[in-house]
Amino acid sequence: MKNINIISTFNQICGISTYSQFLVEALKREKSELDIRILAEKAKNKDLIKGIVKVPIKRTWARTEPKFEFQIKENIVHVQYEPGIFGVDKRILDSLLNLKRRKNILVITHHVIAEYEPFITLQKALSYLADAVIVHSQDQYQALQKIGAYMDKTVIIPHGTYQQPEIIQDLNQFYPNLIDKELIVIHGFISADKGHHLIFEAFKRIMDKYPNLALAIVGSPHPGHDRNSKWILRQYVKTLMKFAIKNKFEDKVFFDLGFASDARLDSWLARAKLLLYPLEQSPQPIHSSSGNIHRAIGVGVPVIGSNTHRLKDLGDNAMIITNNNPVELASAISYILDNKNIFDEYKEKIQKYSKLTSWENVAKQHLELYNKVIFNNPDSRFFGCWRMIS
């Protein structure tokens, strides 16, 4: 197989970086002899985190200057495209066109489909320029089709799901009051649009019914936020704690604030009874899968979430509720906890879905895609419409 050059953020606190690292690790597990190189965003050492797998990394581009002037010829170039990282700078198209002229095969993963300008024009251009386009869900596929993109090269490969390890840290030594608690775990970057306040309001309604139930808030403000935004989020956390104190359940809330290591997050998820995602719908018409959700659902416990684009790919494997409705959220929690058959049904559904979308399966589908592009079109042109997962 040709060399694989992945253009992405890497070793950073960033969803696309995490996605790329898990993908590379899984690709190397499936085929250790693969020659994978990362063409990464420039970053200061203080902003980097330890990588999952050792591969050559060349930091050559910046968000303010998305030019990929690499001396690559007759290889696979795979762009992990996300509008918030690459924007709509025309130079990205010029750079990719130059890579095509050197007979490189261009694969683009659209992590977000935005149904508004100026992103529509760029996404259509990228879809035409690429030799293969990856989206993560039927919802994204339909959105790309809706904006008039060239679809004959588009495939659906789901977002990879992390599988929970068997060996985990013991959290009781850090949180002695955790003993005998059943946890509702909320994890990821903390912000109002993640619905933490809705969970606290719902918990107030059911806490007397389930005396051993508790909340675990694991996460931090987004590192990309400015100082004012981070201050607002700190106030948000204080507001949550004041609400818990006022309603006398502060002893049932466990905060683990800051960037959690994989081992630390695995420990919290292993204690989860339920996972909650009462996310707000974006004010803009966008379509994406949530890396944060796929990082957690491999633990295999029932999932309750709101009717937003970020949960569309879960389908009926999660219990979906009305947005911004703490009363309905409380009812959904009670319904699952009170009915063992329902609890077991959603548990089995998410376990099957997690295995279907494991990083190992996703890596195999990527390898099939790479081989198919090379086989069908060594000169890096178009091939027929096909999908990787049904």
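Residues numbered from 1 in each chain as written. Predicted model: local features only at pLDDT ≥ 70, side-chain atom pairs only at ≥ 80, totals over all residues. Heavy atoms only, no water.

Chemist: Outline the side chain of His110, listing residues and values.
Modeler: Here His110 lies in strand β5 (residues 105–110). Beyond its immediate chain neighbours, meaning those up to four positions away, His110 contacts Tyr81, Gln123, Leu126, Ser127, Val133, Ile134, Val135, Gln140 and Leu144. (Helix = DSSP H or I, 4+ residues; strand = E, 2+ residues; numbered from the N terminus. Contact = heavy atoms within 4.5 Å.)

Chemist: Residues and numbers for the sheet that holds strand β14 (residues 303–306), please.
Modeler: Spatial strand order, β11-β10-β9-β12-β14-β15: 6 strands in an open sheet with parallel pairing. Of all strands in the sheet, those with a lone pairing partner are β11 (253–257) and β15 (319–321), marking the two edges. Strand-to-strand twist of the sheet, defined as the mean angle between neighbouring strand axes without regard to direction, takes the value 20°. Across 3 bridges, the pairing between β14 and β15 is parallel. Note that in β15 the partner of Ile304 across the bridge is Met319. Contacting β9 (182–187), β10 (213–219), β11 and β12 (272–277), helix α8 (residues 262–270) crosses the sheet at an angle of about 140° to β9. (Pairing = 2+ DSSP bridges. Axes fitted to C-alpha atoms, helices over the stretch in contact; angles between N-to-C directions.)

Chemist: So what's going on with the pattern of salt bridges? Residues and values would help.
Modeler: Inspection of the entire model under this criterion finds 12 salt bridges. The salt bridge involving Glu345 is made with Lys349; its shortest N-O contact spans 3.4 Å. With Glu345 and Lys349 both in helix α11 (residues 340–356), this residue pair falls 4 residues apart, about one helical turn. Overall, the relative accessible area of 22% leaves Lys349 in the partly exposed class. (Salt bridge = Lys/Arg side-chain N within 4 Å of Asp/Glu carboxyl O. Buried < 20%, exposed > 50% of the residue type's maximum accessible area, 1.4 Å probe, protein only.)

Chemist: Account for the packing of aromatic side chains, with residues named and values stated.
Modeler: Tallied over the full model, the rule gives 12 aromatic pairs. Measuring from ring centre to ring centre gives 6.2 Å for Phe243 and Phe249, while their planes differ by 70°; the resulting arrangement is edge-to-face. Assessed through its relative accessible area of 23%, Phe243 is described here as partly exposed. Residue Phe249 is classed as buried on the basis of its relative accessible area of 0%. Here the aromatic cluster, defined as three or more aromatic residues joined through ring pairs, consists of Tyr19, Phe22, Tyr162 and Trp359. Sitting above the plane of the Phe174 ring, Arg264 keeps its charged end 4.7 Å from the centroid. When the ring centre of Tyr162 is taken as origin, the NZ or CZ atom of Arg295, which lies over that ring, is 3.7 Å away. (Phe/Tyr/Trp six-rings, centres within 6.5 Å; stacked < 30°, edge-to-face > 60°. Lys NZ or Arg CZ within 6 Å of the ring centre and 35° of its normal.)

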